Amino acid sequence: MAIRFASLGSGSKGNGTLVASGDHCLLVDCGFTIKETERRLARLGVSPADLTAILVTHEHSDHMGGVGPFARKHRIPVYLTPGTLRARDIGTLPTVHLIEGHQPFVVGDIQVTPVAVPHDAREAAQFVFRSRGSSLGLLTDLGTITPHVEAHYGDCDALVLEANHDPQMLAQGPYPPSLKRRVGGAYGHLSNQQAAGFLQRVGSDHLQHLVVAHISEKNNSLELARAALADAAERAANCIFACQQEGFDWLQIEKAE
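Residues numbered from 1 in each chain as written. Predicted model: local features only at pLDDT ≥ 70, side-chain atom pairs only at ≥ 80, totals over all residues. Heavy atoms only, no water.

A. Representation of the overall build of the protein chain in the model. Tallying secondary structure elements over the protein chain gives 10 helices and 14 strands in all. Taken against the 2.2 N^0.38 rule, which gives 18 Å for 257 residues, the C-alpha radius of gyration of the protein chain at 17 Å falls within 12% of a compact globule. Counting across all 257 residues of the protein chain, residues that qualify as buried make up 55%. Restricting the contact set of the protein chain to residue pairs at least 6 apart, pairs at least 24 apart contribute 64%. Total accessible area on the protein chain stands at roughly 10,700 Å², and carbon and sulfur atoms take up 51% of it. Across the protein chain, the centroid of the 22 positively charged side chains sits 7 Å from that of the 27 negatively charged ones. (Helix = DSSP H or I, 4+ residues; strand = E, 2+ residues; numbered from the N terminus. Rg over C-alpha atoms; globule rule 2.2 N^0.38 Å. Buried < 20%, exposed > 50% of the residue type's maximum accessible area, 1.4 Å probe, protein only. Contact = heavy atoms within 4.5 Å. Areas by Shrake-Rupley, 256 points an atom, 1.4 Å probe, with all protein chains shown as cover. Lys, Arg positive; Asp, Glu negative; His and termini not counted. Charge placed at Lys NZ, Arg CZ, Asp CG, Glu CD.)

B. Region of interest: the packing of aromatic side chains. Under the counting rule described, the total for this entry stands at 3 aromatic pairs. Residues Phe 5 and Phe 248 carry aromatic rings whose centres are separated by 5.7 Å and whose planes lie at 80 degrees to one another, so their mutual orientation is edge-to-face. With a gap of 243 residues between them, Phe 5 in strand E1 (residues 4-9) and Phe 248 in strand E14 (residues 248-252) connect regions that are remote in the sequence. Given the relative accessible area of 0%, Phe 5 is considered buried. Exposure remark for Phe 248: the relative accessible area of 6% places this residue in the buried category. On the numbers, 6.0 Å between centres and 45 degrees between planes, the contact of Phe 127 with Phe 129 is tilted. A single burial state applies to Phe 127 and to Phe 129, both of which are buried. The lysine or arginine in question, Arg 4, covers the ring of Trp 250, its NZ or CZ lying 4.0 Å from the ring centre. (Phe/Tyr/Trp six-rings, centres within 6.5 Å; stacked < 30°, edge-to-face > 60°. Lys NZ or Arg CZ within 6 Å of the ring centre and 35° of its normal.)

C. Representation of the sheet that holds strand E12 (residues 209-213). Across the sheet, which stays open at both edges, the 7 strands sit in the order E7-E8-E9-E10-E11-E12-E13 with mixed pairing between neighbours. The open sheet has two edge strands with one neighbour each: strand E7 (105-107) and strand E13 (239-241). Taken over all neighbouring pairs, the strand axes of this sheet differ in orientation by 20 degrees on average, direction set aside. As paired elements, strand E11 (residues 158-162) and E12 share 5 bridges and run parallel to each other. Paired with Leu 159 across the bridge in E12 is Leu 210. Packing against the sheet, helix H8 (residues 192-202) makes contact with strand E10 (134-139), E11 and E12, and its axis sits at approximately 150 degrees to E11. (Pairing = 2+ DSSP bridges. Axes fitted to C-alpha atoms, helices over the stretch in contact; angles between N-to-C directions.)

D. Region of interest: the sheet that holds strand E4 (residues 53-55). Taken in spatial order, the 7 strands line up as E6-E5-E4-E3-E2-E1-E14 in an open sheet, and their pairing is mixed. Each end of this open sheet is capped by a strand with a single partner; those strands are strand E6 (96-98) and E14. Adjacent strand axes in the sheet meet at a mean angle of 20 degrees when their direction is disregarded. Taken together, the 2 bridges between E4 and strand E5 (residues 78-80) define a ladder with parallel strand orientation.

E. Main features of the side chain of His 209. Take His 209: it is sitting in strand E12. A polar contact of 2.7 Å, which involves the side chain of His 209, links it to the backbone oxygen of Gln 252. If sequence neighbours within four positions are ignored, His 209 has contacts with Phe 5, Asp 157, Ala 158, Leu 159, Asn 238, Leu 251, Gln 252 and Ile 253. (Polar contact = N/O pair within 3.5 Å; in protein donor to acceptor, adjacent residues only side chain to side chain.)

F. Representation of a nonpolar patch on the surface. A surface patch of nonpolar side chains, about 200 Å² in accessible area, is lined by Leu 85, Val 96 and Leu 98. Looking at the element boundaries, Val 96 is found in strand E6. Assessed through its relative accessible area of 35%, Val 96 is described here as partly exposed. (Patch = residues over 30% accessible without salt bridge, like charges linked within 9 Å, V, L, I, M, F, W, Y side chains within 5 Å. Salt bridge = Lys/Arg side-chain N within 4 Å of Asp/Glu carboxyl O.)

The following block contains the structure:
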């Protein structure tokens, strides 16, 4: 079986993504309490004992807040960059694997390629996963699409892509000016238009699944995100929009012939 993936939730109130292949299942980020993480895993038919490892993208609490407690309770190895480990005191972890220099590594039969991204974090990484002839790109929490990013994500079979905010809603919204500059800046989050531009450049007609994720509940709307990404969504074989409360259910990538 090729890669399948699902989400515990996607947004500023907590994030977690499952990536599975064969007997191995990875949890990317954990921004929920132990109890809430266990509840959301159960909804997807997964128990903590099924998890091979936890991968961390960066230290912000909606991605890393639950990593330490959950890993300690269930004795799960954690993979993260040295900068992310130093950026936040999460206590003693059962097993730590440092992602050095964003070099690819293997967990079970899943090859993981960390990709450095511009975000206001110590040493942020997003990930591309490959297993059994299939590939999945996870790309959220970055303020700019760089040539380096495009080179890594252009040929994925499935993609989870951030469309965080609508610039006009952000400008007119409730955030203080400093936070507006941070979210909309080069090290913040992708707007609907940035996500659409990326998909226009790399193409989306080869995507089995396009998941639009990390949609702000205050600075965006599903209608605006759908409108901005309509062309790319139509070209992809399947397009869904992830939400904060339910994330999205399991999606299966079909192995390329």
